[in-house]
Amino acid sequence: MQPDNNTTRIRRELMVTLARQFFEGTLLQRIDRLPLEMRPRDYRGQRLRCCIHTERAILRYRLMALMGFNVGDETDELKPLSEYAREALARQKRDPRVLTVIDDACSACVKSRYFVTNACQGCMARSCVLNCPKKAITFEGGQSRIDPETCVNCGRCVDMCPFHAIVRVPVPCEEACPVGAITRGDSGKQALEHEACVHCGKCMQACPFGAIAEQSEFLEILRVLGTPIPTVALFAPALLGQFEASPEQLVGALKALGFTHAVEVAAGADRTTEAEAEELIERLEEGDPFMTTSCCPAYTDLARKTLPGLAPRISHTPTPMHFTAEMAAERFPEALRIFISPCVAKRREALNDPLVDSVLTFEELGAAFVAKGIDVAQCEPAPPDMAATPDGRGFAMEGGVRDAVARRIRDRISLRPERLSGLGKDMLRQLKVLGAGKGTGNFVECMSCEGGCINGPCVVANPRISRRKLEAVLKEGVSVTSR
C-alpha cells in the first residue's frame, strides 16, 4: 500500500488533474501550465524542495512518467508537455520498461551507514567500542564515534548499545529492492537496472522523495474510453475492498466511466485453481518434492532470475489475469482488454501477454472516478459479464490461492500447504531454503506483497480495511450472477 505522504498526495493530485483536463477537452491547451499552476510564484503551501523552480521541474517529470515516458530518454528540456501528451494519445506501441527514475527528484542519499545519535550516554561499559570487530568505534568528547571508512556495517554495535543510541541510516530504495536492481550511478543518483528488476514496486513505495515512478498507460486508456471502441475491464478481486460499495455498484461505476463490459478476474482465478490443483497432483505423483504458485509475477520473476533451484518448481499454470483475458477474448472478440491492477508487476506481465492490451492501476482508476465525478457508492448496480466464486475472489488475500487449491484437491493426495508473502529478508531467506530442497511444505503460495494483493503498491485503501471488506463479501458464500 502507498503510505499517506506528500509524494503520494502529489502523484494522485496529478492523476486527477490530468484526467479532469482530458475529460474537459482542455488537456493540450492547459498541461504546459500545470506545474506553474500547482506551484505559482506566490505559492503559500509547504515548500518541499530547495526552490519553487525545482518543484516545477519535478512536477513536469512526474507528468511525463504519468503519460508513459521514461524520464531518462529526454533529449530536449524545452519540449512542451503538450507535445508529450500528443505523442501519448497517438501511441500504439508500449514501452517495455515499467519504472523510471526522476533524477531531479533523487536526493542522492549517502551510502548506507551506522550512526551514533545524541542518545549516547557515554557509558562506562563501552560495549560498542570493545565489541566492534574492525575497531571502527572510538570514544571522543564524551560520546562514541564511528569511522565510516573502517566500518563494515555488521551492526554489532547496534546490538551492544544498551541505550539504542546507534542507528542504521539506509538508502531506502536500495534497502527495499529484493534483487539489488537499483544502485547509485556515476552521478551519485540512483539508477535502475531494468533487466534485473522484478517490478515488485517496493523501491517506488520506499523512496521518500518520490524519485521512482511508473511509466503509465493512463492517457491511452482514457482516450479509448471516450470512443466507440468496445472495452472490457478485467478487474482484480482486490478491487472489491477499495471502495465503500457492493461489487455490483463497482461494475456500475466502471460502466459509467466508459467501459463497455466488466469482468471479475476472480472468474479466471477459478480456472487457475482447477489447473494448478491438477498440475500439483501430477507433479507430486511423479516425485517432485513441491510446487509453488505462479499467480504473482514479481515472485516468479525473482525466482527465475535469482533462485535457479526454485525456478523449476513454479507452476506452469497461467495466472488468473491470463485466463480471464482468454475468456473475455472468446466472448468479446472485438473489445480491448484492460486489466485493472493493484500492482506494478502486472503491468510487466501484461506486456508479455498478447491477450491483455493495457493496464490501469487502482490509483489511476480512483483518480479517473474523482475526475469524472463518479461516486462509486451511489452508482446504479450492474451485474458483471462473467460469474465469479468466493474461491476466486479469495486470491486477493494471503492464503487465498493455497486454500482454494487445497479445497479442490481435498483427499486425493497428502497436502502440506504453506504460504509466504512480502519480498523482504525473511521471505527471501525462506525461499532460499525452499530452493535448496530443505522446505517442509509440498505446495507453497508465494506473494510479493505482505498480506497479498490487497496490499499492493498501487492500491488506495488501507489493507486491513480492504481485507475486512473483502472478507465480508466472501462470507456471502455465493457466486455473483453474470449476464
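Refer to the structure printed above.
Residues numbered from 1 in each chain as written. Predicted model: local features only at pLDDT ≥ 70, side-chain atom pairs only at ≥ 80, totals over all residues. Heavy atoms only, no water.

(A) How the structure looks around helix 18 (residues 400–409). Looking at helix 18, one finds that the buried residues are Gly400, Val401, Arg402, Ala404, Val405 and Ile409. On its buried side, helix 18 packs onto helix 12 (266–285), helix 17 (390–393), strand 14 (417–421) and strand 15 (443–447). Directly beyond the C-terminal end of helix 18, a positive phi value near 55 degrees is found at Arg410. (Buried < 20%, exposed > 50% of the residue type's maximum accessible area, 1.4 Å probe, protein only. Helix = DSSP H or I, 4+ residues; strand = E, 2+ residues; numbered from the N terminus. Contact = heavy atoms within 4.5 Å.)

(B) Representation of the pattern of salt bridges in the model. Throughout the structure, instances matching the rule amount to 33 salt bridges. The closest approach of N and O atoms between Glu83 and Arg86, which form a salt bridge, is 3.0 Å. With Glu83 and Arg86 both in helix 5 (residues 81–90), this residue pair falls three residues apart, about one helical turn. Three or more residues are tied together by salt bridges with common partners; here these are Arg94, Glu214, Glu217, Arg347 and Glu364. (Salt bridge = Lys/Arg side-chain N within 4 Å of Asp/Glu carboxyl O.)

(C) Expanded view of the nonpolar core. Judged by nonpolar contacts, the single largest core of 123 residues is most densely connected at Met67, Phe218, Ile340 and Leu431. Of all the elements, helix 4 (residues 52–66) adds the most residues to this core, at seven residues. Apart from the residues within four sequence positions on either side, Ile340 is in contact with Ala233, Leu234, Phe235, Ala236, Leu239, Leu254, Phe259, Leu360, Phe362 and Leu365. Within the second largest apolar cluster, 14 residues are counted, among which are Leu280, Met291, Ile409 and Met447. (Core = buried A, V, L, I, M, F, W, Y, C linked by side-chain atoms within 4.5 Å.)

(D) Quick look at the sheet that holds strand 13 (residues 358–361). Spatially, four strands are ordered 10-9-12-13 in an open sheet, and the strand pairing comes out parallel. In the strand order of this sheet, the two ends are held by strand 10 (261–264) and strand 13, each with one partner. The mean angle between the axes of side-by-side strands here comes to 25 degrees, regardless of whether they run parallel or antiparallel. Of the pairings in the sheet, the one linking strand 12 (residues 336–341) to strand 13 comprises four bridges and is parallel in character. (Pairing = 2+ DSSP bridges. Axes fitted to C-alpha atoms, helices over the stretch in contact; angles between N-to-C directions.)

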